[in-house]
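Now for the letters of each chain:
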Amino acid sequence: MSSKENAAINQLFERLECRYALRVLWALRDGHPQTFRLLQDSVGGITPNTLNTRIKELREAGFVDHGSDGYTVTPSGADLLKRLSDVQAFATRWVAGRAKKA
């Protein structure tokens, strides 16, 4: 991997590693707009201050936008979520495999 590619993935991971960032994106994955309160409930356990911060960061990154109906993912956010959908399938297999070992 080139240093340019490393820099790009590091920048992306920096955004996504922030507490609740992935959960906020995941809560918006169905494409339906969510109000702040609904998004807070969908994420679960997030304070209003933290949610405001994550939304601001995700908007600056170009993954989330706010319209008249609420917050939605942008085309870039939808592309990222599409790629992360493979993680859901992996997580399901991983949990099932760990349950067999327990």
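What counts, and where the lines are drawn
- Residues numbered from 1 in each chain as written.
- Predicted model: local features only at pLDDT ≥ 70, side-chain atom pairs only at ≥ 80, totals over all residues.
- Heavy atoms only, no water.
- Helix = DSSP H or I, 4+ residues; strand = E, 2+ residues; numbered from the N terminus.
- Buried < 20%, exposed > 50% of the residue type's maximum accessible area, 1.4 Å probe, protein only.
- Contact = heavy atoms within 4.5 Å.
- Areas by Shrake-Rupley, 256 points an atom, 1.4 Å probe, with all protein chains shown as cover.
- Lys, Arg positive; Asp, Glu negative; His and termini not counted.
- Charge placed at Lys NZ, Arg CZ, Asp CG, Glu CD.
- UniProt positions renumbered as here; feature names shortened; annotations may be inferred.
- Pairing = 2+ DSSP bridges.

Per an unreviewed UniProt entry, the protein goes by Transcriptional regulator, HxlR family and derives from Acidovorax soli.

> Got a minute to help me understand the overall build of the protein in this structure?
On a plain count of helices and strands, the protein comes out with 5 helices and 2 strands. Counted from the first residue to the last, the protein has its helices and strands arranged as α-α-α-α-β-β-α. In terms of principal-axis extent, the alpha carbons of the protein reach across some 45 × 40 × 25 Å. Sorting the 102 residues of the protein into buried and exposed places 25% on the buried side. Pairs at least 24 residues apart make up 52% of the contacts formed inside the protein by residues separated by at least 6 positions. Summing over all exposed atoms, the protein offers an accessible surface of approximately 7,100 Å²; the carbon and sulfur share of this is 53%. Once the 15 positive and 11 negative side-chain charges of the protein are each reduced to a mean point, those two points are 8 Å apart.

> What is the right way to look at the UniProt feature "domain: HTH hxlR-type" (unreviewed entry) in the protein in this model?
Mapped onto this numbering, the UniProt entry annotates "domain: HTH hxlR-type" (unreviewed entry) at residues 19-95. Each end of residues 19-95 is marked by a C-alpha atom, and these two atoms are 22 Å apart; helix forms 64% of the span and strand 10%.

> Sorry, what's going on with unusual backbone geometry here?
Phi is mostly negative for residues that are not glycine, and the peptide bonds are mostly trans. Located in the positive-phi region is tyrosine 20, a residue other than glycine, with phi close to 75°. Within the secondary structure, tyrosine 20 sits in the loop between helix 1 (3-17) and helix 2 (21-27). For tyrosine 20, a relative accessible area of 13% translates into the label buried.

> In this structure, what is going on with the pairing of strand 2 (residues 70-73)? I would like to understand it.
Walk down a regular strand and you will see the side chains alternate between the two sheet faces. The pairing of strand 1 (residues 64-67) with strand 2 spans 4 bridges and is antiparallel. Bridging across to strand 2, aspartate 65 finds its partner in threonine 72. Hairpin connection between strand 1 and strand 2: a loop of 2 residues separates the two successive antiparallel strands.

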